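Descriptive structure summary
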Amino acid sequence: MKNRIIKKSRLAPQVYDFVIENEQIAAKARPGQFIVARAHEKGERIPLTIADLYKDSFRMVVRGVGKTTYELCMMNENDVLSDVTGPLGNPSEIAYFGNVMLVGGGVGIATLLPIAKELKKHGNKLHVILGGRSKEYVIMLDEFEKIADELIITTDDGSFGIKGVVTDGMDLVMNKSKIEVAWAVGPTIMMKFCSLKAKELGLKIWVSLNPIMVDGTGMCGACRVTVDGQLKFACVDGPEFDGTKVDWDELLVRLSQYRDEEELSLRKFKESVGDLSWL
Amino acid sequence: MKPTLKKTPMPEQEPQHRVKNFFEVALGYSEEQAVTEAKRCLQCPAHPCVSGCPVGIDIPGFIKKIKERDFKESARILKKYNNLPAICGRVCPQEVQCEERCVVGKIPGSEPVAIGRLERFVADWEADNVKERTVDPTVPKGKKVAVVGSGPAGLTAAADLAKMGYSVDVFETLHKPGGVLVYGIPEFRLPKSIVEREVKYVESLSVKIHLNTPVGKSISVDELLKDYDAIFIGVGAGTPKFMKIPGTNLNGVYSANEFLTRVNLMKAYLFPEYDTPVKKGNNIVVVGGGNVAMDAARSALRLGAKSVVVVYRRTEQEMPARREEYLHAVEEGIRFRWLTQPLRYIGDEKGKVIGVECISMELGEPDESGRRRPIPIEDSRFVIEADMVIEAIGTDANRFLLSQFKGLSLNKYGYIVVDSETYATTLRKVFAGGDIVTGAATVIEAMGAGKKAAFWIDRFLSGEYDPWR
Ligand SMILES: Cc1cc2nc3c(=O)[nH]c(=O)nc-3n(C[C@H](O)[C@H](O)[C@H](O)COP(=O)(O)OP(=O)(O)OC[C@H]3O[C@@H](n4cnc5c(N)ncnc54)[C@H](O)[C@@H]3O)c2cc1C
Ligand SMILES: Cc1cc2nc3c(=O)[nH]c(=O)nc-3n(C[C@H](O)[C@H](O)[C@H](O)COP(=O)(O)OP(=O)(O)OC[C@H]3O[C@@H](n4cnc5c(N)ncnc54)[C@H](O)[C@@H]3O)c2cc1C
Ligand code: SF4
Ligand code: FES
């Protein structure tokens, strides 16, 4: 059945891995693209990256940060999402480059995985840096171990890999290898600092932007970002852009636009379902 | 009997009540009122009203049946021409179409017959009273047509083709069918239950509507060309324009499309019962002078704004909004600043909009549109305080499908080039109509295009005429 949750598993606290039945998306999606999902009839439309593809289904990884993502994380196998639209956005521009650096943080690691696999298929050498708050948040490690030619882990608290941030890992990679191009996907603030670092190093860097979206088809302009001084719609012009040209501070401010409403929504939700820390 | 000079008035919610709710403003005629109004029609032999209707409804015919109280037959006549009459009766600009040409309106001091209100009455009467809507059986033609987009153009083409016996698949990228009817036009002008009802009717004709299906992404153009005998593109002009003045990306600055989509499609006026939020400003500036600006302004007011100001760079005479909508807005307390152009949005240190710097304009020589061109007056800058701004300055072509269609000619604005008679595009088997051909226009024009395209698609598929030969 379309949009049924075939499989669900926990990757980290409040981070869940889903396989969703949807033939159309499975047949058409390419690395770098996303879907827009709605959990139920009164739900919000939220964008989520397509993390992998199977015969009649696709994979997505969801981190609970607000009402909708918590609701998704609480859904179970055989539940059905009310709507899934996709694939949306432009696929990543993948070719043979040589040495490629891939930087992932948080659930951005899931976005990075299909890009990494496709780059590998094209014969690139992958220098991968994965970062997280602590050991348990560095997700999908085993999957990256299989394809990475070099793998560096950084954690804020030093519970695993290097104690530090992903940009420290970027320095380490650059010291050893000549990198042709990089991808960075993760929290906006991480992508900002990766881009600043890349600019300093003279490195071409792709980032996958995650502004607030509504339709995901270029119809509303909610997702507008400034790139190279131009107004762009992330859903149809992106989601990947040259990180050195993105107006990061504007994006960060725009992401906070609905903070009051988000808090209200989540508070009401918690009142009805109780404590969520177990998730 | 001489007809009364004025239209039979239609009951409306009082302005002081309606600004606090999203229920429909106009309440519709009772049977008595409808019959009274129908009697004003002269059944004149020339019936110029019909030529004013983009779908050529037999206007005297359906009005005559109202007069005779045969509402069922009246509805049948109406439906022969118009698949979505309850919608058209509510949102068509009748004052520049059928009613503009009505003979009764030419009598000095007289208003035309209220054709739109009568159309609405009949459609609503049918919905309330005729439970089983009979669909005439058709002989299947054994051919398949794909319709891209479920706005009025797509729905009309789909319904007509289905009635002719074609097997029709409609593809829509959003999670609800209807196009602008569901995401743009607000509940208080066009209740969504009415759109749903009309869509159900189209589905009852065996049209299959596939939601959440972005053509060009989840279905490729090549697949459509391979699997269908003909394609109709009705994807609309849904990409919002921005003035691109400084401060456009401040928090609190919306395109009308985003604001209205949140409010209508996502029901943000019922947040937090519905999950999608929308900002509720106190002092709101709406930029533009069309129907979209009126809808945005009136919606903002209903969300609880203290003050809503519409700024428009020309004057009341030039504004493109329907007169009725403008008057409704004025009644509700929306203020207008004519000859005013925003120059930049002013933000606070948190990146939130707090004001709009404007400049006063004066009208100069007529421009290519025939309207007098607004020219800025030097040293006339001033600031309007605002915690929310909605830009309603027009839309462009929907982008992501057209970029995939190789061989489809577009004009310099990005709209599809079609043969004005047959609606055939430059690509074999592919027809197009509605806003994606004309640029933002009206519901009825989109429906007219869908109807004519369906006619020519039938002629093409039955081998009677080949627009590409
Ligand atoms: C192209 C794209 C791909 C994405 N892929 C994934 C993914 O694979 N997995 C995943 O878990 N998340 C992904 N996101 C982010 C996800 O869409 C948001 O976390 C989600 O919309 C939050 O909804 P909510 O109701 O749970 O939280 P809300 O209560 O709406 O928001 C809670 C917090 O999340 C932030 N937020 C809100 N909307 C977004 C947004 N669209 N993007 C980023 N932060 C947001 C807010 O600023 C706020 O701090 C992606 C976003 C985009 C634009
Ligand atoms: C706020 C507002 C108020 C208006 N008020 C009035 C009024 O009072 N009276 C009036 O006559 N007109 C009014 N109009 C104009 C009128 O709504 C439009 O002219 C009309 O809807 C155009 O119809 P359409 O079928 O061409 O396109 P649309 O209604 O735009 O429908 C196009 C549909 O195609 C879908 N689509 C786009 N791309 C794809 C794709 N690749 N794959 C699948 N689906 C796709 C879209 O999601 C959309 O649902 C108003 C417009 C707005 C925005
Ligand atoms: S022009 Fe006016 S009076 Fe004549 S048929 Fe049409 S509606 Fe009736
Ligand atoms: S999300 Fe609406 S235009 Fe990008």
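Look a little higher up for the structure.
Residues numbered from 1 in each chain as written. Chains lettered and ligands numbered in written order. Predicted model: local features only at pLDDT ≥ 70, side-chain atom pairs only at ≥ 80, totals over all residues. Heavy atoms only, no water.

1. A few points about the pairing of strand S3 (residues 34-38) of chain A
Residues and elements named next belong to chain A.
- The element S3 is extensively covered by neighbouring structure, given that 5 of its 5 residues are classed as buried.
- Burial along S3 is two-sided: Phe34, Val36 and Arg38 and Ile35 and Ala37, pointing in opposite directions, are all buried.
- Direction of pairing for S3 relative to strand S4 (residues 46-49): antiparallel, over a ladder of 4 bridges. Among the inter-strand pairings, Val36 is bridged to a residue of S4, identified as Pro47. (Buried < 20%, exposed > 50% of the residue type's maximum accessible area, 1.4 Å probe, protein only. Helix = DSSP H or I, 4+ residues; strand = E, 2+ residues; numbered from the N terminus. Pairing = 2+ DSSP bridges.)

2. Focus: the side chain of B:Ser299
All names here are of chain B.
- Here Ser299 is to be found in helix H14 (residues 291-302).
- Owing to a relative accessible area of 0%, Ser299 belongs among the buried residues under this scheme.
- Filtering out sequence-adjacent residues up to four positions away, Ser299 remains in contact with Phe22, Pro186, Phe188, Phe259 and Leu260. (Contact = heavy atoms within 4.5 Å.)

3. A few points about the sheet that holds strand S7 (residues 83-88) of chain A
Residues and elements named next belong to chain A.
- The sheet built from 3 strands is open, its strands ordered S4-S3-S7 with antiparallel pairing. Strand pairing shows two members of the sheet lacking a second neighbour, S4 and S7, which therefore form its edges. Ignoring which end each strand starts from, the neighbouring axes of this sheet average 25° apart. (Axes fitted to C-alpha atoms, helices over the stretch in contact; angles between N-to-C directions.)

4. Thoughts on unusual backbone geometry
- A cis geometry characterises the amide bond from A:Gly238 onward to A:Pro239, with omega recorded as 10°.
- Topologically, A:Pro239 is positioned in the loop between helix H7 (234-237) and strand S16 (240-242).
- A cis geometry characterises the amide bond from B:Phe271 onward to B:Pro272, with omega recorded as 5°.
- Looking at the secondary structure, you find B:Pro272 in the loop between helix H13 (256-265) and strand S7 (283-287).
- At A:Gln14, a residue that is not glycine, the phi angle is positive and equals roughly 60°.
- A positive phi is found at B:Lys244, a non-glycine position, where the angle reads about 60°.
- Secondary-structure assignment places B:Lys244 in the loop between strand S5 (239-240) and strand S6 (253-255).
- Note on B:Lys244: relative accessible area 58%, which makes it exposed.

5. Observations concerning the environment of A:Phe97
Residue and element names in this part refer to chain A.
- Within the secondary structure, Phe97 is located in the loop between S7 and strand S8 (99-105).
- On the basis of relative accessible area, Phe97 is assigned to the partly exposed category, the value being 28%.
- Considered as a pair, Phe97 and Phe269 are 172 residues apart in the sequence and their alpha carbons are 47 Å apart.
- For Phe97, the residues in contact, after removing those within four places along its chain, are Leu119, Asn124, Glu180, Val181 and Trp183.

6. Some details on the nonpolar core
Residues and elements named next belong to chain B.
- Ile59, Phe62, Ile63, Ile66, Ile87 and Val168 are the most contacted members of the largest nonpolar core, which totals 86 residues.
- Looking at this core element by element, the count peaks at 11 residues for helix H17 (residues 443-461).
- Aside from chain neighbours lying at most four places away, what touches Ile63 is Ala38, Cys41, Gln43, Val113, Ile115 and Leu118. (Core = buried A, V, L, I, M, F, W, Y, C linked by side-chain atoms within 4.5 Å.)

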